[in-house]
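Examination of the molecular architecture
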Amino acid sequence: MTAPEIASREDWQKARAALLEKEKALTRAHDALAAERRRLPWVRVDKDYAFKSPEGTLTLNDLFEGRRQLIVYHHMLRPADPSPCAGCCMFVDNLGHAAHLNARDTTLALVSSAPVGEIEAFRRRMGWPQRWYSVEGSTFNEDFGVTGGFGLNVFIHESDTVFHTYFTSGRGVEALGSNWTFLDLTPLGRQESWEDAPEGISQTAPYQWWRLHDEYDAETTG
């Protein structure tokens, strides 16, 4: 890596202050975008969907667990999956304690097309506490924009009716993961080939370095 300019603390403070102005502008832009997102129109969900869990088959309404809002992450785990998506798994690794969302009347759940037994086995392997349901044989993924990949949908329960309010995928989901956000704060960044980085930083193609969290040590010692 070719190191950037080495500056005095005073000069660093000036450069940091200039960058801070841009960061504040971006924060205000994010706030304005969130305000616009909150005002998106809603779509009534009239179709019935079946979600399979260890306790039996549930409805979309059941997934709210009595709360008003529901966030659904569509994990790419598929039946007899030989290579679970490392990006999906990194995203779930980043999820915090559910109590904080629950305190704001919001539930978060995962869904996948894999059978519920395979989901439970993989969930235990990863050590995840999140509720994770099978939509095997259902059109739930496809009906809400997830056709073969991953995505995130938001629903609200209002007057005994469920409404669909938001959908994102790709880097819209990636932006919600703290690992990527933390790396964006560092001098080396994500170390991926698409990034504009100081000369000399070793970079790899996007996605290639991602692993299931229990595979990093195995790769290093294997």
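The coordinates are above.
Note that the structure is predicted; figures quoted are calculated from it, not measured. (Residues numbered from 1 in each chain as written. Predicted model: local features only at pLDDT ≥ 70, side-chain atom pairs only at ≥ 80, totals over all residues. Heavy atoms only, no water.)

**Let's talk about the packing of aromatic side chains**
- Scanning the model with the defined rule gives 14 aromatic pairs in all.
- Joined through ring pairs, the aromatic side chains of Tyr49, Phe51, Phe140, Phe144 and Phe155 make up one cluster.
- Above the ring of Trp12, the side-chain terminus of Arg9 is found at 5.1 Å from the ring centroid.
- Positioned above the aromatic ring of Trp194 is the side chain of Arg171, whose terminal nitrogen or guanidinium carbon lies 4.5 Å from the ring centre. (Phe/Tyr/Trp six-rings, centres within 6.5 Å; stacked < 30°, edge-to-face > 60°. Lys NZ or Arg CZ within 6 Å of the ring centre and 35° of its normal.)

**What about the environment of Pro129?**
- Considering the arrangement of structural elements, one finds Pro129 in the loop between helix 5 (116-126) and strand 6 (132-134).
- Spatially, the C-alpha atom of Pro129 lies 25 Å from that of Val162, the residues being 33 residues apart in sequence. (Helix = DSSP H or I, 4+ residues; strand = E, 2+ residues; numbered from the N terminus.)

**Quick look at the nonpolar core**
- With 18 residues, the main nonpolar core has Tyr73, Phe122, Trp128, Trp132 and Leu152 as its most contacted residues.
- Contributions of two or more residues to this core are made by strand 4 (69-74), helix 3 (86-93), helix 5 and strand 7 (151-158).
- Sort the elements by how many residues they give to this core and helix 3 lands first, with four residues.
- Within the second largest apolar cluster, 17 residues are counted, among which are Val45, Phe64, Phe140 and Val162. (Core = buried A, V, L, I, M, F, W, Y, C linked by side-chain atoms within 4.5 Å. Buried < 20%, exposed > 50% of the residue type's maximum accessible area, 1.4 Å probe, protein only.)

**What about the pairing of strand 4?**
- Across the six residues that make up strand 4, a large majority, five, are buried.
- Here six bridges tie strand 4 to strand 5 (residues 106-112), and the two strands are oriented parallel to one another. Bridging from a neighbouring strand, Val72 pairs with Ala109 of strand 5.
- When strand 4 meets strand 7, the two strands line up antiparallel, connected through six bridges. For His74, the partnering residue across the bridge sits in strand 7 and is Gly151. (Pairing = 2+ DSSP bridges.)

**Focus on unusual backbone geometry**
- Positive phi outside glycine occurs at Asp105, with the angle close to 60°.
- Within the secondary structure layout, Asp105 lies in the loop between helix 4 (98-102) and strand 5.
- In this structure Asp105 comes out as partly exposed when scored by relative accessible area, which is 34%.
- A positive phi is found at Tyr207, a non-glycine position, where the angle reads about 75°.
- One can find Tyr207 in the loop between helix 8 (178-184) and helix 9 (216-221).
- Relative accessible area serves as the criterion here: at 54%, Tyr207 is assigned to the exposed category.

**Considerations on the pairing of strand 5**
- Across the seven residues that make up strand 5, a large majority, six, are buried.
- Pairing geometry for strand 5 and strand 6, over three bridges, is parallel. Bridge assignment links Val111 to a residue of strand 6, and that residue is Tyr133.

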